[in-house]
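A structural walkthrough
Below, each chain spelled out in residue letters.
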Amino acid sequence: QVQLVESGGGLVQPGGSLRLSCVISGDMFRLISMNWYRQTPGKQRELVGTLNTGGGTKYSASVKGRFAISRDRDKNTLFLQMNNLKPEDTAVYYCNTRHLGVGAPYDYWGQGTQVTVSL
């Protein structure tokens, strides 16, 4: 079992920045990727970005050039740096680890942290 605990959300003005953190514990057996998602009420979760096991990253077109994912292995922490924030970035943000299973992958999720971008 893997446990994920997020922090760093809050209220920020348009154009501002936030850094989200996700502390990870447990055995990350057969890890495929580490990810950030976001979700607003009544909508499906949207993949924001991915960090693969080789260190490569990929981002949604809506955040590319503004957000960046990184990892501190010594502190077992995943980060999402969010710059030039826009009102449409308002959402609950979730960290995620994806693992190889038999026939299908399986995921672990954090509890989510609220990000609100407003004047």
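Placed above this text is the structure.
Residues numbered from 1 in each chain as written. Predicted model: local features only at pLDDT ≥ 70, side-chain atom pairs only at ≥ 80, totals over all residues. Heavy atoms only, no water.

Below, the discussion takes up the pattern of salt bridges. Per the counting criterion, the structure on display carries four salt bridges. Two residues, E46 and R38, come together in a salt bridge whose shortest N-O distance is 3.0 Å. On the basis of relative accessible area, E46 is assigned to the partly exposed category, the value being 30%. Ionic pairing is found between R98 and D107, a salt bridge with its closest N-O pair at 2.8 Å. By relative accessible area, which is 28% here, D107 ends up partly exposed. What emerges from the salt-bridge pattern is a single network uniting R38, E46, R66 and D89. (Salt bridge = Lys/Arg side-chain N within 4 Å of Asp/Glu carboxyl O. Buried < 20%, exposed > 50% of the residue type's maximum accessible area, 1.4 Å probe, protein only.)

With that out of the way, let us pick up the packing of aromatic side chains. Applying the stated criterion to the full structure yields three aromatic pairs. Here Y106 and Y108 contribute two aromatic rings whose centre-to-centre distance is 5.9 Å and whose plane-to-plane angle is 80 degrees, an arrangement assigned as edge-to-face. Linked through ring pairs, Y37, Y94 and W109 together constitute an aromatic cluster. Here the guanidinium or amino end of R45 rests over the ring plane of Y94, the centre of that ring lying 3.7 Å away. Here the basic side chain of R45 rests over the ring of W109, its NZ or CZ set 4.4 Å away from the ring centre. (Phe/Tyr/Trp six-rings, centres within 6.5 Å; stacked < 30°, edge-to-face > 60°. Lys NZ or Arg CZ within 6 Å of the ring centre and 35° of its normal.)

With that settled, the discussion passes to the state of the cysteines. Cysteine pairs can be covalently joined through their sulfur atoms, and such a bond is termed a disulfide. Within the structure shown, the criterion is met by one disulfide. Paired through a disulfide, C22 and C95 show a sulfur-sulfur distance of 2.1 Å. The S-S bond linking C22 to C95 shows a torsion near 60 degrees; that makes this disulfide right-handed. Here C22, found in strand β3 (residues 18–26), pairs with C95, found in strand β9 (residues 91–99); they are 73 residues apart in sequence, far enough to count as distant. Taking the relative accessible area as the measure of exposure, C22 reaches 1% and is therefore buried. You can call C95 buried: its relative accessible area is 1%. (Disulfide = S-S within 2.5 Å. Helix = DSSP H or I, 4+ residues; strand = E, 2+ residues; numbered from the N terminus.)

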